[in-house]
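As a plain string of letters, each chain reads:
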Amino acid sequence: MAELISELRQGDCQEVLKDYPDNFFDLIITSPPYADRRKSTYGGISPNKYVAWFIERSEQFLRVLKPAGTFILNIKEKVENGERHTYVIELILAMRQQGWLWTEEFIWHKKNCHPGKWPNRFRDAWERCLQFNKSKKFTMYQENVMIPMGDWADKRLKKLGKNDIIRFNSQAKSGFGKNISNWIGRTMAYPTNVLYLPTETSNKNHSATFPKALPEWFVKLFTKEYDWILDPFVGSGTVVETAHELFRNSVGIDIIPEFIELAKTKVKKTEYCLFDSKIDYEKNKKD
Ligand SMILES: C[S@@+](CC[C@H](N)C(=O)[O-])C[C@H]1O[C@@H](n2cnc3c(N)ncnc32)[C@H](O)[C@@H]1O
């Protein structure tokens, strides 16, 4: 069995990534510091400076991602003066200028959110997971995230109309079509782009962790065993831990030394972990 590697590096990802070659990672998945959040722990970036701050770092992400690789960015705009700030929208536009394709947007619906009361809005129960690519031909393993057909099949497939048993083309002339009867007898279906995942309530000694199920879903969708995954804002190490459990190599970077130590405790649990090992960069580029 090939050696599985987890590298955990302390520093600003913009600088640390300069040690890595072009076109190296298969998947980048991360949750960066949100604008003006958690100033006391790791310094918030003002919303008005956020795009410039991020773009300097995403230049490195673009360089180190393989041509068929994917970048998943978990982010959510804050409310400022009673309005949603537009920095996420501005960031998407700036990243497109930088050379990224904004290929998809997944919604992470936090299905266990507790209720709240605000005078002019309701509980914020979702976050964006933006997908960016370098090319329209990116690698995707859709079968890895299929879900049981469920009640939909029982109810819908028992009442087929005449347009359900032929390929029925979109009336909006989008070029898409569907034949509902193709799903008869199948047990598994493709999921939607809405992920219903609870937030994790266990205290991980980090105030902004995402649940393991979130990176797990994207790791399965976009990578195979022994591929390379990067989390440039690794925090408590959720992505590196998940990558290990799914037999993927990974690199995690965080500016705060304590978080790197915390992340190391996560992957030490697995038997294959080798910290700061010498990576055969040239071999990975050829694979
Ligand atoms: C939202 S948290 C990530 C949480 C992570 N997804 C988890 O599950 O634990 C963002 C992290 O980015 C780190 N960070 C902030 N600026 C950074 C930079 N320039 N380079 C690397 N890490 C940075 C912070 O220390 C923080 O741990």
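A quick note: this is a predicted structure, and the numbers were derived from the prediction, not measured.

1. Section: the sheet that holds strand β6 (residues 101-110)
- With mixed pairing, the 8 strands of this open sheet are ordered in space as β1-β14-β13-β2-β3-β7-β6-β12. For this open sheet the edge positions go to β1 (6-10) and β12 (194-197), each flanked by a neighbour on one side alone. For this sheet, the mean inter-axis angle between neighbouring strands, taken without regard to orientation, is 20 degrees.
- Judged from the 4 bridges that link them, β6 and β12 form a sheet pairing that is parallel. Bridged to His109 within β12 is Tyr196.
- Sheet contacts for helix α7 (residues 238-245): β1, β2 (25-30), β13 (228-231) and β14 (249-254); angle to β14, the most-contacted strand, approximately 170 degrees.
- Here helix α8 (residues 257-267) sits on the sheet and contacts β1 and β14; the angle it forms with β1, its principal contact strand, is near 165 degrees.

2. Digging into the pattern of salt bridges
- One pass over the full model with this rule turns up 15 salt bridges.
- The partner of Arg57 in a salt bridge is Glu56, with the nearest N and O atoms 3.8 Å apart.
- In this structure, Asp124 and Lys76 form a salt bridge, with 2.6 Å as the shortest nitrogen-oxygen distance. On the criterion of sequence distance, the pair formed by Asp124 in the loop between β6 and β7 (126-133) and Lys76 in the loop between β3 (65-75) and β4 (79-80) is long-range, its members being 48 residues apart.
- Residues joined in a network through salt bridges with shared partners are Asp12, Glu56 and Arg57.

Conventions adopted
- Residues numbered from 1 in each chain as written.
- Predicted model: local features only at pLDDT ≥ 70, side-chain atom pairs only at ≥ 80, totals over all residues.
- Heavy atoms only, no water.
- Pairing = 2+ DSSP bridges.
- Helix = DSSP H or I, 4+ residues; strand = E, 2+ residues; numbered from the N terminus.
- Axes fitted to C-alpha atoms, helices over the stretch in contact; angles between N-to-C directions.
- Contact = heavy atoms within 4.5 Å.
- Salt bridge = Lys/Arg side-chain N within 4 Å of Asp/Glu carboxyl O.

So, to be careful, I would describe these as geometric facts and stop short of saying anything about function.
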